[in-house]
Amino acid sequence: RAPALGVSLAECPGTSSAHAGRAAACQGCPNQKLCAAGAAATNPAEAAELRERLRSVKHTVLVLSGKGGVGKSTFSALLAHGLATDETKQVALLDIDICGPSIPKMMGLEGEQVHQSGSGWSPVYVEENLGVMSVGFLLSSPDDAVIWRGPKKNGLIKQFLRDVDWGEIDYLIVDTPPGTSDEHLSIVQYLGAAHVDGAVIITTPQEVSLQDVRKEINFCRKVKLPVIGVVENMSGFICPKCRNESQIFPPTTGGAEMMCQNLNVSLLGKVPLDPQIG
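Residues numbered from 1 in each chain as written. Predicted model: local features only at pLDDT ≥ 70, side-chain atom pairs only at ≥ 80, totals over all residues. Heavy atoms only, no water.

**So, the nonpolar core**
Next, step 1: Ranked by size, the top nonpolar core spans 63 residues in total, and within it Leu62, Leu94, Met133 and Ile187 carry the most contacts.
Next, step 2: Beyond its immediate sequence surroundings of up to four residues, Leu62 is in contact with Val174, Ile187, Val188, Leu191, Gly198, Ala199, Val200 and Leu225. (Core = buried A, V, L, I, M, F, W, Y, C linked by side-chain atoms within 4.5 Å. Buried < 20%, exposed > 50% of the residue type's maximum accessible area, 1.4 Å probe, protein only. Contact = heavy atoms within 4.5 Å.)

In structure tokens, the structure reads:
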């Protein structure tokens, strides 16, 4: 569980530690009693169940950013489509943005519903080798608000990992909400039962976005989630008529390139603002 404000994640002993709920850093944490009682840790039977279900997943990549509106879902959708162009590969896209699920719209799947079979929930398929799961498929209307506290959101994420019948998967792409909170801690904890390749972190060039992305990189390091690299989205605008490039979001502090150099992470590439993507 997330530590209380003022307690750094590095000081938190973790839910599986023998010192959980008993360390000095646990004082004042709202989850202290839960941790001390062992209730916050993943149940061993539950962990085994998750491990069994995720055994058929070869590669798992989380798409993260501390900032909202930088294009995580757009990038996740394009990455899934890109990987699925190889028809020999099976790709799955899991949307764990519980309050703002935009993947159904982006994948052209609005109005689709999830079906249940004897082997679990069936994902919605865009192509034969590209399956999608999102809370958006469980809502009666795309305008419905999901007003849930952390435990219920965490329970749904667990259900997505445990109860969806993905079959054999080469790549599982996980689209996340902005921040470093409940959903992020949950997905890292639950996927800890299996192998996670790491995180691709999305930013835009301006300092207000880079500030939050630095927090996300520190989050990854604290929870021992490898950072595959950073993608700078909205990196200039290419005019479709004259092909000139304009900086809509000026990289006043050097953009993602400078941040990656300072933090010793890889810059995977830059994606311009493009009306075709829009």
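**What to know about the packing of helix α2 (residues 44-54) against helix α5 (residues 150-163)**
Next, step 1: As a packed pair, α2 and α5 sit with axes 8 Å apart at the nearest point and diverge in direction by 50°. Taken together, the axes of α2 and α5 are oblique relative to one another. Here α2 contributes Glu46, Glu49, Leu50, Arg53 and Leu54 to the contact with α5, which in turn contributes Lys158, Leu161, Arg162 and Asp163.
Next, step 2: Tallied by class, residues from the contact of α2 with α5 come to three nonpolar, no polar and six charged. (Axes fitted to C-alpha atoms, helices over the stretch in contact; angles between N-to-C directions. Helix = DSSP H or I, 4+ residues; strand = E, 2+ residues; numbered from the N terminus. Parallel < 35°, antiparallel > 145°, perpendicular 65-115°, else oblique. Nonpolar A, V, L, I, M, F, W, Y, C, P; charged D, E, K, R; others polar.)

**Focus: unusual backbone geometry**
Next, step 1: Phi is positive for Lys224, which is not a glycine, with a value near 60°.
Next, step 2: In this structure, Lys224 sits in the loop between α7 (207-222) and β9 (227-232).
Next, step 3: On the accessibility criterion, Lys224 (72% relative accessible area) is exposed.

**What about the sheet that holds strand β5 (residues 124-127)?**
Next, step 1: In spatial order, the strands read β5-β6-β2-β7-β1-β8-β9-β12; together these eight strands make up an open sheet with mixed pairing. Edge positions in the sheet fall to β5 and β12 (267-270), since each of these pairs with one other strand and no more. Taking each pair of neighbouring strands and ignoring which way they run, the sheet shows an average axis angle of 20°.
Next, step 2: Bridge count for strand β1 (residues 57-64) against strand β7 (residues 169-175) is six bridges, and the pairing is parallel. Across the sheet, residue Leu62 finds its bridge partner in β7, namely Val174.
Next, step 3: Strand contacts of helix α3 (residues 72-84): β1, β2 (91-95), β5, β6 (130-134), β7, β8 (198-203) and β9, with the helix running at about 170° to β7, the strand carrying the most contacts. (Pairing = 2+ DSSP bridges.)

**What to know about the pattern of salt bridges**
Next, step 1: The final tally for this structure, using the stated rule, is eleven salt bridges.
Next, step 2: The salt bridge involving Lys105 is made with Glu110; its shortest N-O contact spans 3.5 Å.
Next, step 3: Judged by its relative accessible area of 44%, Glu110 falls in the partly exposed class.
Next, step 4: One salt bridge connects Asp163 with Arg162, and the closest N-O pair in it is separated by 3.0 Å.
Next, step 5: Using a relative accessible area of 23% as the deciding quantity, one classes Arg162 as partly exposed.
Next, step 6: Beyond isolated ion pairs, a larger network of salt bridges with shared partners links Lys67, Asp212 and Lys215. (Salt bridge = Lys/Arg side-chain N within 4 Å of Asp/Glu carboxyl O.)

**Comments concerning the pairing of β9**
Next, step 1: In this sheet, β9 lies alongside β8 in parallel orientation, the contact comprising five bridges. Bridged to Ile202 within β9 is Val231.
Next, step 2: Read as a crossover between parallel neighbours, the route from β8 over α7 to β9 is right-handed.
Next, step 3: In terms of strand pairing, β9 meets β12 through three bridges, oriented parallel. Across the sheet, residue Val230 finds its bridge partner in β12, namely Leu267. (Right-handed = clockwise from strand over helix to strand, strands pointing away.)

Purely spatial values, then, with no claim about function.
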